[in-house]
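Report on the structure
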Number of protein chains: 2
Amino acid sequence: MKKQTIKEILQDYKKVLHHDITVYGWVKAFRANRFIALNDGSTINNLQIIVDFENFDKEIINKISTASSLKVVGEVVESQGAGQTVEIIAKKIVILGDNFTEELQTTILQPKKHSLEKLREQAHLRFRTNLFGAVFRVRHAVTFAIHSFFNKNQFFNIHTPIITGADAEGAGEMFGVTGFDLNNIPRTEDGAIDYSQDFFGKQTNLTVSGQLEGETAAMGLGRIYTFGPTFRAENSNTTRHLAEFWMVEPEVAFNNLEDNIDLAEDFLKYVIQYVLDNCKDDLEFLDKRFAEEQKAKPEKERAKEGLIEKLQNVVAKRFMRVSYTEAIEILLNSKENKKGKFQFPIESWGADLQSEHERFLVEKHFESPVVLFDYPKDIKAFYMRLNDDNKTVGAMDVLFPGIGEIIGGSEREERIEVLRQKMKEMHVEEEELWWYMDTRKFGSVPHSGFGLGLERLILFVTGMTNIRDVIPFPRTPKSAEF
Amino acid sequence: MKKQTIKEILQDYKKVLHHDITVYGWVKAFRANRFIALNDGSTINNLQIIVDFENFDKEIINKISTASSLKVVGEVVESQGAGQTVEIIAKKIVILGDNFTEELQTTILQPKKHSLEKLREQAHLRFRTNLFGAVFRVRHAVTFAIHSFFNKNQFFNIHTPIITGADAEGAGEMFGVTGFDLNNIPRTEDGAIDYSQDFFGKQTNLTVSGQLEGETAAMGLGRIYTFGPTFRAENSNTTRHLAEFWMVEPEVAFNNLEDNIDLAEDFLKYVIQYVLDNCKDDLEFLDKRFAEEQKAKPEKERAKEGLIEKLQNVVAKRFMRVSYTEAIEILLNSKENKKGKFQFPIESWGADLQSEHERFLVEKHFESPVVLFDYPKDIKAFYMRLNDDNKTVGAMDVLFPGIGEIIGGSEREERIEVLRQKMKEMHVEEEELWWYMDTRKFGSVPHSGFGLGLERLILFVTGMTNIRDVIPFPRTPKSAEF
């Protein structure tokens, strides 16, 4: 790439000081007919352009306004003002694109505070705001850190299928995929839908998880991870749910539950440290925003830590490892439970933990990320490995402050007889998963893995609170714009 | 990760020489009741385990066979035999999983040559073969190289939506996505399908390209790329088509067509060089296989270069840059055209180039990768930038030996009046793309981008010939297994 970004110019300004350079960007602000704050998206920081208006065609100067795009040639000089190291004395300005001034008034590009809802309605433009520029640069950094971590540790990225005939979780809330003209669906003689005539010759859906296919790959390649979109046709209109979101699912041959917990902890710490190291400016912006949001809240609802402080603490602390059984003891004995402060009181072992319980453990009791493991088998999926107690399975959830479960995983049941028994009990059809069963027939091995919802991690790292604000174009009930 | 992979042991054997270590893997072969070739998927190379059967329970020895999985503790020693540097003298062997012996006979894990068709039918097991281990390790390396290249060059990875209400290419061969029960589709009063009652409140499809959404992101963040699955409901049962495949689409604000060609060339060379540097063992295996495949062909159909040689040449050569108009001249004047050797003879300027023409230019005329640019506007998409001649657009295709088009891209039309005119001519609804139009209204800028079909690049790099053999679980007409 021959063009220099504003990020490069500001970072390596010594290389270009007193030289003429060419820069491109959008006008963030134009003050006093003299100071242009130019931004090209490479960084949250603007480059200041000094315009000596006597040297320029008045018509050009008049056309420059917030949102218009410029090419500027000028000399890099040390800045006289505060707030920046260098600035550009403009020698030539070309307006690349000006504005439909009237329409601009109705957009979020207007330089004033807009609600997050309004920004969402103009998701195609919000990349140009400071906030969403920062969020999506951080999202990239998280994504790249994930690939880097796994590559360093000899994992292979596997693209598991998006369109699938299998239902991995036995869930059911799946979107149908079809090549049928819905006005003209072919039928069999007895009136049923004739899926043999559909594109794939069978009924197909959008995947809810790549895990089962990922397991087959790990049974050959050893260490794999998936990184792709997954889908839920769940009618939940909340700040935590998306119909389309991105999942990361590592799967490792020969790993037991403890290895799996170690992997999850190393992985999360690596990614968060990477963001701390590589997104300083964006994090500082988000940290300030987070602090302001907290101020607006009643005191007892405020977060104890600042955003950056919270990230640093997660990296520094060893995650608490607590069995489900211990956690239930703690909850049963807690003042909160005894005084009826939980919406869902804990009554006995076997209860499914709610978000309020997870947050109590993380934020009040341990004040640290917590890994819960060895859950009752009845509240977990069929493929999780049965423990010797016959009551619990080798499941593990990583719980984070402010967010609850960020990772869920398990050691997988590698013993085919046990797996078959579990599938029977839980009404999972063995025939449909013939290929999954095969991996337990020819050199089956202990193995473990987990799933991370990418957007949850981005929420945690950016301090944003609505999941629709950390994915470029959110898909939710009644909404698939753009 | 505390466990050592076989790759690490073989690479850094000096660290473990004369130490006892623990290794895990699957038995590739067990010769003379003494030599176990163990593989864990981390590399194509096996680790040789020496079993002095007098030291072991006979029952264990008898159970060890191809495909079974082992944990082995033993001393690392310098190898006496040829073919490996070190081997392990086994002290303890644990069989992790043995085999359903009868069923094993019907699988591709049987140690003999299987057809690619049969391997495809058992796609869940083919990760364990030498060939597919190599292919999918290379696929990972290509994937990681792509992320690395863009990250180094300050691009941000953007996840564009998979479910979409928009039809980017104006194509039409899209899969429908629905939450409807197809047996019970709600209708409006006049009998039409009532999409307002579907999950998203409108008709939705699987994306065919993330470009248009990607452009909106580039208009804020400057340099972005997408990397995600795309879909075509095209009934093509060929070795080149998949219904679900992965696309990489960079988009760069302020780049013109020449910058775009430079980017494509730098990008491809970086990725291929990365694979040459990081996948030596797998490439050598694939190179040998490629050579054998060539030998089986009639002499005139054989590739001129070996696989690795071909990759090295692509990195070394400057891609030829040829306008469409020049290319037509060359084709019109070629012996092949004059003697009627093309299935589709070139008659005049304006013709759409077929694969045979592209391959003639690349393999015969230039003997080099070729970038064709400035195509007739009528054969290209509405969003490509109109040139001053009013006849051509700033499109560019990168053509590779043996494979034809590997990248297609263009400078985008940033002038809203010109864009509107083109959309009118090509019957693209402006109303549906209101958000795309917006990017041309507020500080529009010149920008360019391209699309790379990931599987095509993997075909090129691995020397495989059927696209179903370079994606883990191919989706094609009448086939969505696993």
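Refer to the structure above for everything that follows.
Owing to the predicted nature of the structure, the values given are computational and were not obtained by experimental measurement. (Residues numbered from 1 in each chain as written. Chains lettered and ligands numbered in written order. Predicted model: local features only at pLDDT ≥ 70, side-chain atom pairs only at ≥ 80, totals over all residues. Heavy atoms only, no water.)

Some thoughts on the overall build of chain A
Secondary structure summary: chain A contains 16 helices and 16 strands in total. Considering only contacts in chain A between residues 6 or more positions apart, those separated by 24 or more positions represent 67%. Of the roughly 20,100 Å² of accessible surface on chain A, 45% is carried by carbon and sulfur atoms. Within chain A, the 74 negative side-chain charges are centred at a point lying 6 Å from the centre of the 61 positive side-chain charges. (Helix = DSSP H or I, 4+ residues; strand = E, 2+ residues; numbered from the N terminus. Contact = heavy atoms within 4.5 Å. Areas by Shrake-Rupley, 256 points an atom, 1.4 Å probe, with all protein chains shown as cover. Lys, Arg positive; Asp, Glu negative; His and termini not counted. Charge placed at Lys NZ, Arg CZ, Asp CG, Glu CD.)

A closer look at the interface of chain A and chain B
The interface is formed by 125 residues belonging to chain A together with 125 residues belonging to chain B. Regarding the contact of chain A and chain B, the summed buried area is about 10,200 Å², with carbon and sulfur atoms giving 63% of it. Here chain A and chain B share eight salt bridges between them. At the boundary of chain A with chain B, the tally comes to 60 residue pairs in polar contact (both at pLDDT 80 or more). Residue contributions to the side of chain A that touches chain B peak at 10 residues, all from helix α6 (residues 130-152) of chain A. Partitioned by chemical class, the residues of the side of chain A that touches chain B number 56 nonpolar, 41 polar and 28 charged. (Buried area = accessible area lost by both parts, 1.4 Å probe. Salt bridge = Lys/Arg side-chain N within 4 Å of Asp/Glu carboxyl O. Polar contact = N/O pair within 3.5 Å; in protein donor to acceptor, adjacent residues only side chain to side chain. Nonpolar A, V, L, I, M, F, W, Y, C, P; charged D, E, K, R; others polar.)

As for the relation of the copies chain A and chain B
Superposition of chain A onto chain B requires a rotation of 180° combined with a translation of 0.0 Å along the rotation axis, giving an RMSD of 0.0 Å. These values place the two chain copies in the arrangement generated by a two-fold rotation axis. Looking at the rotation axis and the C-alpha trace of chain A, the residue lying nearest is A:Val177, at 2.4 Å. Both copies contact each other with a shared surface, as 100% of the interface residues of chain A are interface residues in chain B too. (Least-squares fit on C-alpha atoms with pLDDT ≥ 70 in both.)

Some details on the packing of helix α10 (residues 307-316) of chain A against helix α16 (residues 454-462) of chain A
Residues and elements named next belong to chain A. Interhelical geometry of α10 versus α16 gives an angle of 120° and a closest axis separation of 8 Å. It follows from the interaxial angle that α10 and α16 lie oblique. Facing Leu-307, Lys-310, Leu-311 and Val-314 of α10, the residues of α16 in contact are Phe-460, Val-461 and Thr-462. Here the residues of the contact of α10 with α16 sort into five nonpolar, one polar and one charged. (Axes fitted to C-alpha atoms, helices over the stretch in contact; angles between N-to-C directions. Parallel < 35°, antiparallel > 145°, perpendicular 65-115°, else oblique.)

Considering the packing of aromatic side chains
Under the defined criterion, the tally for this structure stands at 59 aromatic pairs over all chains. A centroid spacing of 5.4 Å and a plane angle of 15° characterise the contact between A:Phe175 and B:Phe200, whose relative ring orientation is stacked. Taken together, the positions of A:Phe175 in the loop between β7 (163-164) and β8 (176-178) and B:Phe200 in the loop between β8 (176-178) and β9 (204-206) put the pair across two chains. A single burial state applies to A:Phe175 and to B:Phe200, both of which are buried. (Phe/Tyr/Trp six-rings, centres within 6.5 Å; stacked < 30°, edge-to-face > 60°. Buried < 20%, exposed > 50% of the residue type's maximum accessible area, 1.4 Å probe, protein only.)

Notes on the sheet that holds strand β5 (residues 86-97) of chain B
Residues and elements named next belong to chain B. Read around the closed barrel, the five strands follow the order β1-β2-β3-β5-β4; overall the barrel is mixed. Direction aside, the axes of adjacent strands within the sheet are offset by 55° on average. Where strand β4 (residues 69-78) lies against β5, 10 bridges are found, and the strand directions are antiparallel. When the bridges of β5 are listed, Val-72 appears paired with Ile-93. (Pairing = 2+ DSSP bridges.)

A look at unusual backbone geometry
Phi is positive for A:Gln154, which is not a glycine, with a value near 65°. Locating A:Gln154 in the fold gives a position in the loop between α6 and β6 (156-157). The class of A:Gln154 is buried, set by a relative accessible area of 16%. Although it is not a glycine, B:Asn33 sits at a positive phi angle of roughly 50°. Along the chain, B:Asn33 turns up in the loop between β1 (20-31) and β2 (35-39).

Let's talk about a positive patch on the surface
Residues and elements named next belong to chain A. On the surface, a cluster of positive charge is made up of Lys-300, Lys-335, Lys-339, Lys-341 and Lys-364. Residue placement: Lys-364 occurs in helix α13 (residues 355-365). With relative accessibility at 55%, the residue Lys-364 sits in the exposed group. (Patch = residues over 30% accessible without salt bridge, like charges linked within 9 Å, V, L, I, M, F, W, Y side chains within 5 Å.)

A closer look at the pairing of β4(B)
Relative to β4(B), β1(B) runs antiparallel, the two sharing seven bridges. The residue of β4(B) that forms the bridge with B:Tyr24 is B:Lys71.

Considerations on the sheet that holds strand β12 (residues 320-323) of chain A
Strand pairing in a sheet relies on backbone hydrogen bonds. The paired strands run either parallel or antiparallel. Residue and element names in this part refer to chain A. Strands sit in the order β6-β10-β11-β16-β15-β14-β13-β12 across an open sheet of eight strands; the sheet is mixed. Each having just a single partner strand, β6 and β12 make up the two edges of the open sheet. Where strand β11 (residues 244-253) and strand β16 (residues 447-453) come together, five bridges link them in antiparallel fashion. Considered in β16, the bridge of Ala-253 is made with His-447. Along the sheet, helix α11 (residues 324-332) contacts β12 and β13 (370-376); its crossing angle with β12, the most-contacted strand, is approximately 90°.

Considerations on the packing of helix α8 (residues 257-278) of chain A against α10(A)
How two helices pack is summed up by the angle between their axes together with the distance between the axes. All names here are of chain A. The N-to-C vectors of α8 and α10 enclose an angle of 140°; their axes lie 9 Å apart at closest approach. Comparing their axes, α10 and α8 come out oblique. Crossing geometry of α8 relative to α10 is assigned as left-handed. Facing α8, whose interface residues are Lys-269, Ile-272, Gln-273 and Leu-276, α10 presents Ile-308, Leu-311, Gln-312, Val-314 and Val-315. (Left-handed = near helix turned anticlockwise from the far one by under 90°.)

A word on the pairing of β2(B)
All names here are of chain B. When you tally the buried positions in β2, you get four out of five residues, the bulk of the element. The pairing of β1 with β2 spans five bridges and is classified as antiparallel. For Ala-29, the partnering residue across the bridge sits in β2 and is Ala-37. Linking β1 back to β2 in an antiparallel pair, the connection comprises three residues, with Ala-32 at a positive phi of about 55°. Note: β2 against strand β3 (residues 47-50), four bridges, orientation antiparallel. Across the sheet, the residue bridging to Phe-35 is Ile-50, located in β3.

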